[in-house]
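A look at the structure
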Amino acid sequence: MPKTAKKLAAGAITPGHAGAAARGLAELQRQAAVRRRDAGGDMDAWGKAVEAEQHTAAAFDGMVADTAPGADRNELARRIDAWTAHHDPDVIRDRERRALARRGVVWDAQRDADGLWTMRAQFTDAAKAQVTAAMEPLAAKTSADDDRTLAQRRHDAVVTLCQQACDRGDLPAVASQRPHMLLVTSPDAQAGGPDAQPAWLDGVGPVSSETARLFVCDADTTIVVKDANGKIWDVGRATGDPSTAQRKAVIARDKRCIGCRAPASRCQIHHIVYRSRNGDTVVDNLVLVCWSCHHGIHHLGWRVTRHGPTFTIDRTPTDL
Ligand SMILES: [Zn+2]
Ligand SMILES: [Zn+2]
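Model, not experiment: these values are computed from the prediction. Per chain, residue numbering runs from 1 following the sequence as it is written. Labels are handed out in written order, letters beginning with A for the chains and numbers beginning with 1 for the ligands. Where local features are concerned, this predicted model is filtered to residues with pLDDT of at least 70; where side-chain atom pairs are given and counted, the filter is 80 or more; whole-chain, interface and lining totals use all residues.

1. Here's the deal with the overall build of the protein chain
- Along the backbone of the protein chain there are eleven helices and eleven strands.
- For a compact globule of 320 residues, the expected C-alpha radius of gyration is about 20 Å, and the protein chain comes in at 29 Å, more than 25% above that figure.
- Counting only C-alpha atoms and orienting by the principal axes, one finds that the protein chain spans roughly 85 × 45 × 35 Å.
- Using C-beta atoms placed from the backbone, we call a residue buried if 20 or more other C-beta atoms fall within 10 Å of its own, exposed if 12 or fewer do, and partly exposed for counts in between. Looking at the 320 residues of the protein chain, the share that counts as buried comes to 21%.
- Sequence-distant contacts, at least 24 apart, represent 51% of the contacts inside the protein chain between residues at least 6 apart. We count a stretch as a helix when DSSP gives it H or I for four or more residues in a row; a strand needs E for two or more, and each element gets its number in order from the N terminus. Throughout, the radius of gyration refers to the C-alpha atoms, and the reference size of a globule is 2.2 Å times the residue count to the power 0.38. Think of it this way: build a C-beta for each residue from its backbone, and any pair within 7 Å is a contact.

2. Concerning the pairing of strand S3 (residues 181–185)
- DSSP calls a pair of strands paired once it identifies at least 2 bridges connecting them. Sheet topology note: the S3/strand S6 (residues 221–226) ladder contains five bridges and is parallel. Bridging across to S6, Val-184 finds its partner in Val-224.
- When S3 meets strand S4 (residues 199–201), the two strands line up antiparallel, connected through two bridges. Bridge pairing links Leu-183 to Leu-201 in S4.

3. Some details on the nonpolar core
- Residues of type Ala, Val, Leu, Ile, Met, Phe, Trp, Tyr and Cys that are buried and joined through C-beta atoms within 7 Å form what is called a nonpolar core. The biggest cluster of nonpolar side chains holds 27 residues, and the ones touching the most others in it are Cys-257, Leu-288, Val-289, Cys-290 and Cys-293.
- Looking at this core, the elements that each hand over two or more residues are S3, helix H9 (209–217), strand S8 (267–271), strand S9 (286–290) and helix H11 (291–300).
- When sequence neighbours within four positions are dropped, the list of residues in contact with Cys-257 reads Ala-262, Cys-267, Leu-288, Val-289, Cys-290 and Cys-293.
- Ranked by size, the runner-up nonpolar core spans eleven residues in total, among them Ile-13, Leu-28, Ala-65 and Leu-76.

4. Focus on helix H6 (residues 125–138)
- Taking 1.5 Å of rise per residue, the 14 residues of H6 would be expected to cover 20 Å, and the 20 Å separating its terminal C-alpha atoms lies within 8% of that figure.
- The quantity called bend is, for any residue, the angle between two axes fitted respectively to the seven residues ending at it and the seven beginning at it. Remark: the principal bend of H6, roughly 30 degrees, maps to Thr-132. Multiplying one less than the number of residues by 1.5 Å gives the expected span of a helix.

5. A closer look at the domain arrangement of the protein chain
- Its domain assignment divides the protein chain into domain 1 (2–102), domain 2 (114–168) and domain 3 (180–239).
- For the domains described, the bounds stem from an automatic or database domain assignment. Once you take the C-alpha centre of each, domain 1 and domain 3 turn out to be 58 Å apart.

6. Considerations on the pairing of strand S10 (residues 303–307)
- With zero of five residues buried, S10 is to be regarded as a mostly surface element.
- Sheet topology places S10 next to strand S11 (residues 310–314); five bridges connect them, and they run antiparallel. Counted as the bridge partner of His-307 is Thr-310 from S11.
- Where S10 hands over to S11, the hairpin turn is made up of two residues, of which Gly-308 adopts a positive phi near 60 degrees.

7. Concerning the packing of helix H2 (residues 15–39) against helix H5 (residues 89–102)
- With their axes 9 Å apart at the nearest point, H2 and H5 run at an angle of 95 degrees to one another. One way to sum up the angle between H2 and H5 is to call them roughly perpendicular. Across from Glu-27, Leu-28 and Gln-31 in H2, the residues of H5 making contact are Asp-90, Val-91, Asp-94 and Arg-95.
- Charged residues are taken to be Asp, Glu, Lys and Arg, nonpolar residues to be Ala, Val, Leu, Ile, Met, Phe, Trp, Tyr, Cys and Pro, and polar residues to be all remaining types, Gly included. A breakdown of the residues in the contact of H2 with H5 according to their chemical character gives two nonpolar, one polar and four charged. Every axis corresponds to a line fitted to the C-alpha atoms, with the helix fit spanning only the stretch in contact, and the corresponding angles, defined between N-to-C directions, vary from 0 to 180 degrees. These descriptions rest on fixed angle ranges, namely under 35 degrees for roughly parallel, over 145 for roughly antiparallel, 65 to 115 for roughly perpendicular, and the rest for oblique.

8. Digging into unusual backbone geometry
- Residues other than glycine seldom take positive phi values, yet Lys-255 does so here, at roughly 65 degrees.
- Looking at where Lys-255 falls in the secondary structure, it is placed in the loop between helix H10 (244–254) and S8.
- Exposure remark for Lys-255: the 14 C-beta atoms within 10 Å place this residue in the partly exposed category.

9. A look at the packing of helix H1 (residues 2–9) against helix H3 (residues 43–67)
- The geometry of H1 relative to H3 is characterised by a closest axis approach of 7 Å and an angle of 25 degrees between their N-to-C directions. Classified by the interaxial angle, the pair formed by H1 and H3 is roughly parallel. Between H1, through Pro-2, Lys-3, Thr-4 and Lys-7, and H3, the contact on the second element is made entirely by Asp-61, Gly-62, Val-64 and Ala-65.
- For the contact of H1 with H3, the per-class residue count stands at three nonpolar, two polar and three charged.

See below:
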């Protein structure tokens, strides 16, 4: 790439630009090598392939030398992509095939020290577009004072998408049951008693009494309640309790998350007086909250306050 090399030597472009150009050229050469191979013993076809390769390389060099000085590295990479898609579409097609073979999502085997699970995901172009289309609208700020970071909002969006998929009930059944979460808990664990066995979330491990109470509030979860001797007191689903009629009444009254005004489609039901403190499942004791405000209530001690017929969330932390 003599023209690009000249610009690099003169300091008009950076080594970063040159690196992007070298990767682009390598992709074109990889494709050219395939064509030479396909020509086999046909010397005429082979000669044409070599000529076309030289022509493409020269044109590519000219394009990079002209484009790079005015563009940052990402912009140059985009321009190289567009040029390549136009001049040799096979490069893009083959790259997509390699991406398809390497696609995947894996969980790390262990939580980190702060209890976070890491998911490593490699998406194809088409998958990235699909995930983005579903995730980004849900990751928008719910109001001007939504103080979650973009990364936190995307996290909440993905969880909400999964929650909505479980709620719709059209996911394939596992062992003839609808997919759901399983929590093994005890009255002591929910009350957070000092000697209580911790509640256990299937597929994850022990969880705090705060998290146990949050699941009992309203999630599509099978709750197994055992006492200290292992006697099972109750096996129930949170679904159906609150009833559909109660949910509709709460949605009609609150309309949106009472904390951040997120739309009802992203919300769950919270028991103002917790079930573990004998709070009843009656509309007066239920409010509409989104995933992140629900966590704020159970984990950060945010408080639900009533103002006549309406409710708000007071974010001053209190004792849980
Ligand atoms: Zn909210
Ligand atoms: Zn709750």
